[in-house]
Amino acid sequence: MKIIVLLNGGLKTCCKTLPTDMVRISLENWFKSDKNIEMNVIDKTESDVKFDKLASLAVNALGDNAYPMIFLDNVLMSVGKLPEYRTLHDMARQPHRAGLTEQDIFKLENAEFPSN
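Here's a quick rundown of the structure. The model shown is predicted, which means the values in this text are computed figures rather than measured ones. (Residues numbered from 1 in each chain as written. Predicted model: local features only at pLDDT ≥ 70, side-chain atom pairs only at ≥ 80, totals over all residues. Heavy atoms only, no water.)

1. Comments concerning the sheet that holds strand E1 (residues 2-7)
Turning to step 1, where the next piece is worked out: Across the sheet, 4 strands lie side by side as E4-E1-E5-E6; this open sheet has mixed pairing. Each having just a single partner strand, strand E4 (38-43) and strand E6 (75-79) make up the two edges of the open sheet. Between one strand axis and the next, the sheet turns through 20 degrees on average, direction left out of account.
Turning to step 2, where the next piece is worked out: Pairing geometry for strand E5 (residues 69-72) and E6, over 4 bridges, is antiparallel. Following the sheet pairing, Met-69 is matched in E6 by Val-79.
Turning to step 3, where the next piece is worked out: Across the sheet, helix H1 (residues 20-30) touches E1 and E4, and the angle it forms with E4 is around 170 degrees.
Turning to step 4, where the next piece is worked out: In this fold helix H3 (residues 85-93) packs onto E1, E4, E5 and E6, with an angle of close to 30 degrees to the strand it touches most, E5. (Pairing = 2+ DSSP bridges. Helix = DSSP H or I, 4+ residues; strand = E, 2+ residues; numbered from the N terminus. Axes fitted to C-alpha atoms, helices over the stretch in contact; angles between N-to-C directions. Contact = heavy atoms within 4.5 Å.)

The following block contains the structure:
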């Protein structure tokens, strides 16, 4: 199982931005005992990232609110927030779980987002 967390200039909260390296170290520690999971944290400001159709739709519809994006084996599972430890572990242990759909993105597009 490969987990990719895609950031845009670090992990942004309402009050601060956590650097990508700090996020990477933290998430790698979450999964260090699980040899079946490969954790990759990528910052699009530091690496060339190619989006699939659904991820492109999320960025176009949500802008910066699309980040972080969570992919499991290249399937977009979550946008706009980093899941908590237990939730991310559960996602990784249910590899056949359905990813996001275009309808999910359109629902989020019409949602109210807190300003950063």
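2. Considerations on the environment of Thr-13
Turning to step 1, where the next piece is worked out: Mapped onto the secondary structure, Thr-13 falls in the loop between strand E2 (11-12) and strand E3 (17-18).
Turning to step 2, where the next piece is worked out: You can call Thr-13 partly exposed: its relative accessible area is 33%.
Turning to step 3, where the next piece is worked out: Between the alpha carbons of Thr-13 and Lys-53 there is a distance of 26 Å; along the sequence they are 40 residues apart. (Buried < 20%, exposed > 50% of the residue type's maximum accessible area, 1.4 Å probe, protein only.)

3. Concerning the packing of aromatic side chains
Turning to step 1, where the next piece is worked out: For the coordinates displayed, the defined rule picks out 1 aromatic pair.
Turning to step 2, where the next piece is worked out: Considering the side-chain rings of Trp-30 and Tyr-85, the 5.4 Å spacing of their centres and the 90 degrees angle between planes classify their relative orientation as edge-to-face. Of this pair, Trp-30 sits in helix H1 while Tyr-85 sits in helix H3, and the two are 55 residues apart along the sequence.
Turning to step 3, where the next piece is worked out: Take Tyr-85: its relative accessible area is 36%, and that puts it in the partly exposed class. (Phe/Tyr/Trp six-rings, centres within 6.5 Å; stacked < 30°, edge-to-face > 60°.)

4. Quick look at the side chain of Thr-20
Turning to step 1, where the next piece is worked out: By the element assignment, Thr-20 lies in helix H1.
Turning to step 2, where the next piece is worked out: When neighbours within four sequence positions are excluded, Thr-20 is seen to be in contact with Leu-7, Gly-10, Val-41, Asp-43 and Glu-46.

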